[in-house]
Amino acid sequence: MTERRRELAAAFGLLTRLPLGHRLPAPGTVDAAAGVWAYPVVGLVVGLLTGLVYAVAHGLGMAPFLAACWAMLADVLLTGGLHADGLADSADGLGGGATSARRLAIMRDSRIGSYGALALVLSTAMRIAALGSIGSSGAVLAAVLVAGALGRAAMVVVQRHSPPARSDGLAARLGAIPAGPARFGAAIAALAAIILLPFQAALIAVLLAGFGARLWALFGRSRLGGHTGDTLGAIEIITECLVLSVAASVGPAWR
């Protein structure tokens, strides 16, 4: 297995619940920080499978919004709800703590609070509404491919522009993210947007993803002292909501 294939397998092992079996490299044998280029590739695969579920459900005669619900269920099963869990924990911690230490402690509490519940409900509703509004199976597939890729690329932007908030945990284990792999991953996500979306929508989606991630990094610095695994999951979901909203706002000619 080449180093790039090992990095790709490690990214799938970290960000999905796909049964990789022997393809998953042994812990400690892959430079996880150098493998962040593969995050948008993971997003493309998750988006592909999610979009196919939508297409099958819609093809069976389901209304777009019902097909979108099945697509979201597929996304949760593929990722294990990893990013959604991060969003909920981030919402609880950032919304409920008075100090950085208290916010970080709340984020490690396995119980969900009102902020976390609201964040989950609203973000899920927003994505389902966006997919249902797009309607066409082909356009939905393009939208979820781009949203998945840009969402994972946004995670890397936050990692690059803010330090880990804790001395332990996932973010601390990854350490400093090299510029080369981060730029390569961003290029993959941007190229997917340009190929799959109308140019205007692609441009808006890429700019929103990039600026949103930079703002999230600054916000994390001010409230937590940096980023955590939870805030990385949160920016992935936030970016998906932004990108799908843009895709749903494109004129009917594209659909």
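These notes cover the structure that comes with them. The residue count restarts for each chain, going from 1 along the sequence in the order it is written. Totals for whole chains, interfaces and linings use all residues, but because this is a predicted model, local features are given only for residues with pLDDT of at least 70 and pairs of side-chain atoms are given and counted only at 80 or more. As a rule here, side-chain values cover all heavy atoms of the structure and leave hydrogens and water aside.

Time to look at the overall build of the protein. Of the regular secondary structure elements, the protein holds 11 helices and zero strands. Starting at the N terminus and ending at the C terminus, the protein contains elements arranged as α-α-α-α-α-α-α-α-α-α-α. The C-alpha radius of gyration of the protein comes to 17 Å, within 12% of the 18 Å expected for a compact globule of 255 residues. Counting only C-alpha atoms, the protein reaches 50 × 45 × 35 Å along its principal axes. By definition in these notes, contact holds between two residues if any of their heavy atoms fall within 4.5 Å. Contacts spanning at least 24 positions in sequence make up 78% of the contacts within the protein whose residues lie at least 6 apart. When charges are counted, neither His nor the chain ends are considered; positive counts come from Lys and Arg and negative counts from Asp and Glu. Here the site of a charge means atom NZ of a Lys, CZ of an Arg, CG of an Asp or CD of a Glu. Seen as two clouds, the 19 positive and the 12 negative side-chain charges of the protein have centres 4 Å apart. We count a stretch as a helix when DSSP gives it H or I for four or more residues in a row; a strand needs E for two or more, and each element gets its number in order from the N terminus. Atoms counted for the radius of gyration: C-alpha only. Globule rule: 2.2 Å times residue count to the power 0.38.

A separate point is helix α6 (residues 114–134). An α-helical turn contains 3.6 residues, so a residue and the one three or four places further along point in the same direction. A helix's residues, less one, multiplied by 1.5 Å, set its expected span. Across its 21 residues, α6 extends 30 Å between first and last C-alpha, which sits within 8% of the 30 Å expected from 1.5 Å per residue. G116, A119, S123, R127, I128, A130, L131, G132 and I134 are the residues of α6 that are buried. Each element contacted by the buried residues of α6 is listed here: α2 (39–59), α3 (64–79), α4 (82–96), α7 (137–161) and α11 (229–248). A simple rule labels every residue: compare its accessible area, found with a 1.4 Å probe on the protein chains alone, to the largest value its type can have, and call it buried under 20%, exposed over 50%, or partly exposed in between.

Attention now moves to the packing of aromatic side chains. Pairing of aromatic rings covers Phe, Tyr and Trp, the last through its six-membered ring, and needs centres within 6.5 Å; plane angles under 30 degrees mean stacked, over 60 mean edge-to-face, and all others mean tilted. Taken as a whole and judged by the stated rule, the model has two aromatic pairs. Note on W216 and F219: the rings are 5.8 Å apart at their centroids and 35° apart in plane angle, and the pair reads as tilted. One end of the pair, W216, and the other, F219, are both in helix α10 (residues 199–224), three residues apart, so they sit about a helical turn from each other. Overall, W216 belongs to the buried group, its relative accessible area being 17%.

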